[in-house]
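One letter stands for each residue in the lines below.
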Amino acid sequence: IAKLQEAAKSNSRTAYASFAALHNSLVKASSLRGQLDFKPPRQYGRSAIPLEAVEPASEIVKRFRTGAMSYGSISMEAHTTLAIALNRMGGFS
């Protein structure tokens, strides 16, 4: 935390790089996510999917749903905010 505070106070890229290196080494050592290595598709004889072949975000958000979140698990304010956001995006609340 001290490295992050130093970077924020001084607005120093060097200080932030020091914080990031320390943080990344801790994540790599302490979490499953940090221990995964992703190989580029070309190493598997594949190529990236062209953006034209990917479904647009405007269609994907229509399948977003928050019905599984009950008042017991989130506050009324959180429920209301999620409902407004999903209705604006075209999802289901």
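Numbers given for residues are sequential positions, taken from 1 along each chain in its written order. Residues qualify for local features only when their pLDDT is at least 70, as the model is predicted, and side-chain atom pairs are given and counted only at 80 or more; totals for whole chains, interfaces and linings, by contrast, use all residues. Working from all heavy atoms in the structure, the side-chain values ignore hydrogens and water.

1. Looking at the overall build of the protein chain
- By definition, any uninterrupted DSSP run of H or I lasting at least four residues is a helix, any uninterrupted run of E lasting at least two residues is a strand, and each is numbered from the N terminus. When helices and strands are counted, the protein chain shows 5 helices and 0 strands.
- N-terminal to C-terminal, the α/β element order of the protein chain is α-α-α-α-α.
- Throughout, radius of gyration means the C-alpha value; the globule benchmark is 2.2 Å times the number of residues raised to the power 0.38. What you see for the protein chain is a C-alpha radius of gyration of 21 Å, clearly larger than the 12 Å of a compact globule of 93 residues, by over 25%.
- With the principal axes as the frame, the protein chain shows a C-alpha extent of 45 × 45 × 25 Å.
- Burial classification: accessible surface area is computed with a 1.4 Å probe over protein chains only, and a residue below 20% of its type maximum counts as buried, one above 50% as exposed, and the rest as partly exposed. When each of the 93 residues of the protein chain is scored for burial, the buried share is 13%.

2. Some points on helix α2 (residues 13–30)
- In a helix, the anticipated span is given by 1.5 Å times the number of residues less one. Between its terminal C-alpha atoms α2 stretches 25 Å, which fits the 26 Å expected from 18 residues at 1.5 Å a residue.
- Within the span of α2, buried status applies to Ala 15, Phe 19, Ala 20 and Val 27. What you see down the axis of α2 is that its buried residues fit within an arc of 130°, all on one side. Summarising the geometry of α2, the exposed residues directed more than 90 degrees from the buried face are Thr 14 and Ala 29.
- Working rule for contacts: check all heavy atoms of both residues, and any pair within 4.5 Å makes them a contact. Looking at the buried positions of α2, the neighbouring elements they touch are α1 (2–10) and α3 (32–35).
- Sitting at the amino-terminal end of α2 is Ser 12, which places a side-chain oxygen 3.3 Å from the backbone nitrogen of Thr 14. In this description, the arc belongs to the directions extending from the helix axis to the C-beta atoms. Polar contact is defined as a pair of N or O atoms within 3.5 Å, subject to the rule that within protein one atom must be able to donate a hydrogen and the other to accept it, and that residues adjacent in sequence are counted only when both atoms are side-chain atoms.

3. Some remarks on the confidence of the model for the protein chain
- The predictor's confidence in any single residue is recorded as pLDDT, a number from 0 to 100. In the predicted model, the protein chain carries a mean pLDDT of 85, and 96% of its residues have values of at least 70.
- Of all secondary-structure elements in the protein chain, the lowest mean pLDDT belongs to α3, at 82, while α1 reaches the highest, 91.

4. Topic: the packing of aromatic side chains
- For Phe, Tyr and Trp, rings pair up if their centres lie within 6.5 Å, where Trp contributes its six-membered ring, and each pair is then called stacked (planes under 30 degrees apart), edge-to-face (over 60) or tilted (otherwise). In the structure shown here, the tally under the stated rule is 1 aromatic pair.
- Plain terms: the ring middles of Tyr 16 and Phe 19 are 5.7 Å apart, the flat faces sit at 50° to each other, and that makes the pair tilted. On the criterion of helical spacing, the pair formed by Tyr 16 and Phe 19 is a turn pair, its members being 3 residues apart in helix α2.

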